[in-house]
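Coordinate analysis (summary)
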Amino acid sequence: MLPNEITALKAHQLARNNAPDWLDEARHFVGTHEDLDGDVDHWQGGDGFKGPKPSKTDRARDAYMEALEEVFVVEDLISEVIQRRKSAILGQPPEINVMPAGAEEDEEEPDEAKAAERLLRDWWDEEKLTDRWQEVLTRVSSEQETLLRLVVADDVRDGADSIEEALAGIRVELIPRDQGLVHEDLRTKKKTGVIAFQRTEESSTGEVDYTEKTYLTDDGETALRIEHEEGSDLPEGVQQVQEETFDLQGNLLHYEVEGELLVSESVRSNQKTLNTTRTMINITGQRAGFPELHLVNIDPPEDEHGNKVDPERGPGKIQYHVSVPKKAQSPTGQTEERTGTADVFETTPVDNESLREDANLARRSIYRSAQQLHVFLGDGTASGVSRVQARHDHVSDVENLAEKLDRAGSWALETAYALAAELAGGSGEGFMDPAEAAMELHANVDPGPVPPEEKSEIRKAQGNGFLSLRTALLRYGIDHPREEIERLRQEQEEELVMRQEAQGQFAESVMQRRREIEGQAEQDQ
């Protein structure tokens, strides 16, 4: 569909259709569900336990599930592998680079580019966008895609005195995939950013649905269009359609980030298996450490009224078992009631080795799916080659995701700066024409300590031209490769100057010695 074909009603339908069936479950695992306030929920009303449970029609189910929840164990590997991704990609603040468009990497940065770079870095830090990008990473890992949206504050919407002031009024919002997306028309490949909102207004209808759309007009400008549903009872002063355009160098005000789904069905299933086996190990461990004492054919205690007391059940408790009396004939021919022989025994501990193996298999599967098997293999039981290969998979995974986050960050820098320049009238301190600027964000990827055998492979690959110097430095664990490259360049220049000076001094000493020899020869003649 083209922008003019996406009505408010169709926008809501697009957003709903963009929500897969597993979305709510995945959000519970990572704490992004709207009901959780950031807390993870592995219990999920009992659905997170894969062991035997009473049927939903069983009257004892509620009591059973309440007791089970008390002993439910969570070994949260999903949060662990996502956090490892965050630490590797966004553990250090990313680099922000501004250069004239088409400039070579080794060219000196002009003053206006330095000023623009400083303004954007201050804006990035002030808006805490590194933290926001960590939220993006969590969403992409658990939902496969999410939407970014640039928003302009009301106090600068009508203009600003400087780019710095305009940037201060621009923020980046994160929109969940079931509320917004970037739709591409199959015929024209034209993209439209769409967000379906539902808000409460002081009006007779109570709720007013509206749509925010952004797209490129025929003359290349970026349109922002707000459309309310037809027939909506709008508050006074609010128009059904509001539209304005900006020159944002071909960027939309929405950006969709998409990556490989980490919290897949397999990972969610294995996380449930891991929690279930850990819970069962916990239960069997309690029973082994505090066995129940069973008294057979021994009457339980009575209360003061002569009524038998129901014993508590569980580890360390005493259970009474009395067989049903049976009528039998005694040797004298009389009929009498008999019970079984009295006995005492303890609960036999259950061997949970198979449960531990199941838990280990679930862990291995989660780490493998997350491209972090090197963590599982780090116990020394695997070969060095296996660990190197597993870590290489992790490095490739974080580098691929970092590249996607870099593109999203570059979009935010370019679009926010172009928007601020237009709001500020294209002038003021730090102004650089957005059409002539290349603005990029680079994450400082640090996948963790590098083993010696991998360092050797990195050096070979870089020396043979298979890796760029920046990529090699990143894989080697250098936090700020751009600064390190600059230092290397300066050292090479200084070394070259020193060599030239040494060569000049050597040549001068040779010439001096030659002159001395020639002078001595003349005297001898």
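Note on numbering: residues in each chain are counted from 1, in written sequence order. Local features in a predicted model are, by the rule used here, given only for residues with pLDDT of at least 70; side-chain atom pairs are given and counted only at 80 or more, and totals for whole chains, interfaces and linings are based on all residues. Side-chain measures here rest on the full set of heavy atoms in the structure, leaving out hydrogens and waters.

Thoughts on the overall build of the protein
- Counting from the N terminus, the helices are DSSP H or I runs at least four residues long and the strands are E runs at least two residues long. Helix and strand counts for the protein come out as 15 helices and 15 strands.
- Taken over 525 residues, the protein has a buried fraction of 40%.
- Any two residues whose heavy atoms approach within 4.5 Å at even a single point are treated as in contact. Summarising the internal contacts of the protein: among those between residues at least 6 apart in sequence, 67% fall at separations of at least 24. Categorising residues by exposure relies on relative accessible area from a 1.4 Å probe, with only protein chains included: less than 20% of the type maximum marks a residue as buried, more than 50% marks it as exposed, and the intermediate range marks it as partly exposed.

Details of the side chain of His28
- Inspection of the secondary structure puts His28 in helix H2 (residues 23-30).
- A relative accessible area of 17% places His28 in the buried class.
- Not counting residues up to four positions away in its chain, the partners in contact with His28 are His33, Leu36, Val40, Asp41 and Gln44.

Structural notes on a negative patch on the surface
- Candidate patch residues must exceed 30% relative accessible area and have no salt bridge, after which like charges are joined if within 9 Å and Val, Leu, Ile, Met, Phe, Trp or Tyr side chains if within 5 Å. Accessible surface area values rest on a Shrake-Rupley calculation with a 1.4 Å probe, where residue burial reflects the displayed protein chains alone. One side-chain nitrogen of Lys or Arg within 4 Å of one carboxyl oxygen of Asp or Glu is enough to make a salt bridge. Just so you know, the count uses Lys and Arg for positive and Asp and Glu for negative, and it drops His and the chain ends. Note on charges: their place is set at NZ of Lys, CZ of Arg, CG of Asp or CD of Glu. Judged by side-chain charge, Glu108, Asp111, Glu112, Asp247, Glu422, Asp433 and Glu436 come together as a negatively charged surface patch.
- With respect to the element layout, Asp111 can be found in helix H5 (residues 111-126).

A word on the nonpolar core
- Core analysis: the largest hydrophobic core is formed by 74 residues, its most contacted members being Ile89, Leu120, Trp123, Trp133 and Leu405.
- In terms of residues, this core owes the most to one element, helix H12 (residues 384-423), which gives 16 residues.
- Contact partners of Leu120, with chain neighbours within four places excluded, come to Ile96, Val98, Leu167, Leu413, Tyr417 and Met439.
- Only buried Ala, Val, Leu, Ile, Met, Phe, Trp, Tyr and Cys residues count toward a nonpolar core, and they belong to the same one when joined by side-chain atoms within 4.5 Å. Among the nonpolar cores identified, the runner-up in size contains seven residues, and Val182, Ile195, Phe197 and Tyr210 belong to it.

Focus on H5
- The first and last C-alpha atoms of H5 sit 22 Å apart over 16 residues, in line with the 22 Å expected at 1.5 Å per residue.
- Residues of H5 that are buried: Ala113, Ala115, Ala116, Glu117, Leu119, Leu120, Trp123 and Trp124.
- Downstream of H5 by one or two residues, Lys128 has phi in the positive range, about 55°. A helix is expected to span 1.5 Å for every residue after the first.

Things to note about the sheet that holds strand S2 (residues 145-152)
- Read across the sheet, three strands follow the order S3-S2-S9 without closing on themselves; strand pairing throughout is antiparallel. The open sheet has two free edges, formed respectively by strand S3 (170-175) and strand S9 (254-258), since each of these has just one partner strand. Neighbouring strand axes in the sheet, compared pairwise and without regard to direction, differ in orientation by 25° on average.
- Criterion used throughout: strands pair if DSSP finds at least two bridges between them. Pairing geometry for S2 and S9, over five bridges, is antiparallel. From the neighbouring strand, Leu147 faces S9, where its bridge partner is Glu256. Inter-axis angles, ranging from 0 to 180 degrees, are taken between N-to-C directions of lines fitted to C-alpha atoms, where helices are fitted over the stretch in contact.

Considering helix H10 (residues 353-369)
- The terminal C-alpha atoms of H10, which comprises 17 residues, lie 25 Å apart, in line with the 24 Å expected from a rise of 1.5 Å per residue.
- Inspection of H10 places Leu355, Ala359, Ala362, Arg363, Ser365, Ile366 and Tyr367 among the buried residues, and these make up the whole buried set.
- Just downstream of H10, Gln371 is the residue with a positive phi angle, here 60°.

Points about the packing of aromatic side chains
- What counts as a ring pair is set by centres within 6.5 Å for rings of Phe, Tyr and Trp (its six-membered ring), and what kind of pair is set by the plane angle: stacked under 30 degrees, edge-to-face over 60, tilted for all other angles. Scanning the entire structure with this criterion turns up five aromatic pairs.
- Measuring from ring centre to ring centre gives 5.1 Å for Phe197 and Tyr210, while their planes differ by 15°; the resulting arrangement is stacked. Of this pair, Phe197 sits in strand S5 (residues 191-200) while Tyr210 is found in strand S6 (residues 207-216), placing the two residues 13 residues apart along the sequence.
- Owing to a relative accessible area of 12%, Phe197 belongs among the buried residues under this scheme.

A word on the confidence of the model for the protein
- A residue-level look at the protein finds 88% of positions with pLDDT of 70 or above and a mean pLDDT of 84.
- The predictor rates its confidence in each residue with pLDDT, a number between 0 and 100. Counted against residues more than four places away or in other chains, residues 200-207, with its pLDDT under 50, gives 12 contacts.

Focus on the pattern of salt bridges
- Following the criterion strictly, the structure yields 22 salt bridges and no others.
- Of the charged contacts, one joins Glu143 and Arg27 as a salt bridge, the two residues approaching to 2.8 Å between their closest N and O atoms. Of this pair, Glu143 sits in helix H6 (residues 129-143) while Arg27 sits in helix H2; the two residues are 116 residues apart in sequence, bridging distant segments of the chain.
- One continuous salt-bridge network, built from bridges that share partners, spans Arg27, Arg139, Glu143 and Asp178.

Thoughts on the environment of Thr341
- Within the element layout of this structure, Thr341 appears in the loop between strand S13 (335-338) and strand S14 (343-346).
- On the basis of relative accessibility, which here comes to 72%, the residue Thr341 falls in the exposed class.
- For the pair formed by Thr341 and Ile298, sequence separation is 43 residues and the distance between their alpha carbons is 9.1 Å.
- With residues near it in sequence (within four places) discarded, Thr341 still touches Val296 and Asn297.

Quick word on unusual backbone geometry
- Of note in this structure, Gln249 is not a glycine but carries a positive phi near 55°.
- Its place among the elements puts Gln249 in the loop between strand S8 (241-246) and S9.
- Non-glycine residue Gln371 carries a positive phi angle of around 60°.
- Its place among the elements puts Gln371 in the loop between H10 and helix H11 (373-376).

Side note on the packing of H2 against H6
- Following both chains from N to C, one finds H2 and H6 inclined at 135°, their axes separated by 9 Å at the closest point. The pairing of H2 with H6 is recorded here as oblique in orientation. In the crossing of H2 with H6, the sense of the turn from one axis to the other is right-handed. Contacts between H2 and H6 involve Leu23, Ala26, Arg27 and Val30 from the former and Thr138, Arg139, Ser142 and Glu143 from the latter.
- Its residues placed into classes, the contact of H2 with H6 shows three nonpolar, two polar and three charged. Throughout this description, any angle smaller than 35 degrees is read as roughly parallel, any larger than 145 degrees as roughly antiparallel, any in the 65 to 115 degree range as roughly perpendicular, and the remainder as oblique. Definitions for this section: a left-handed crossing has its near helix turned counterclockwise from the far helix by less than a right angle. A right-handed crossing has that turn clockwise. Residues are grouped as follows: Ala, Val, Leu, Ile, Met, Phe, Trp, Tyr, Cys and Pro are nonpolar; Asp, Glu, Lys and Arg are charged; all remaining types, including Gly, are polar.

Some points on the packing of helix H4 (residues 77-90) against H6
- At their nearest, the axes of H4 and H6 sit 10 Å apart, and the two run at 140° to each other. Compared by their axis directions, H4 and H6 come out oblique. Of the two possible hands of crossing, H4 and H6 adopt the one that is right-handed. The segment H4 lies against H6, with Ile82, Arg85, Lys86, Ile89 and Leu90 engaging Thr130, Trp133, Gln134, Leu137, Thr138 and Ser141.
- Tallied by class, the residues present in the contact of H4 with H6 amount to five nonpolar, four polar and two charged.

Details of the environment of Leu253
- Relative to the elements of secondary structure, Leu253 occurs in the loop between S8 and S9.
- The buried category is assigned to Leu253, whose relative accessible area is 2%.
- In this structure, the C-alpha to C-alpha distance between Leu253 and Thr222, residues 31 residues apart in sequence, is 7.7 Å.
- Excluding anything up to four places from it in sequence, Leu253 contacts Leu148, Arg149, Leu150, Thr214, Thr222, Leu224, Phe246, Leu248, Trp411, Thr415 and Leu419.

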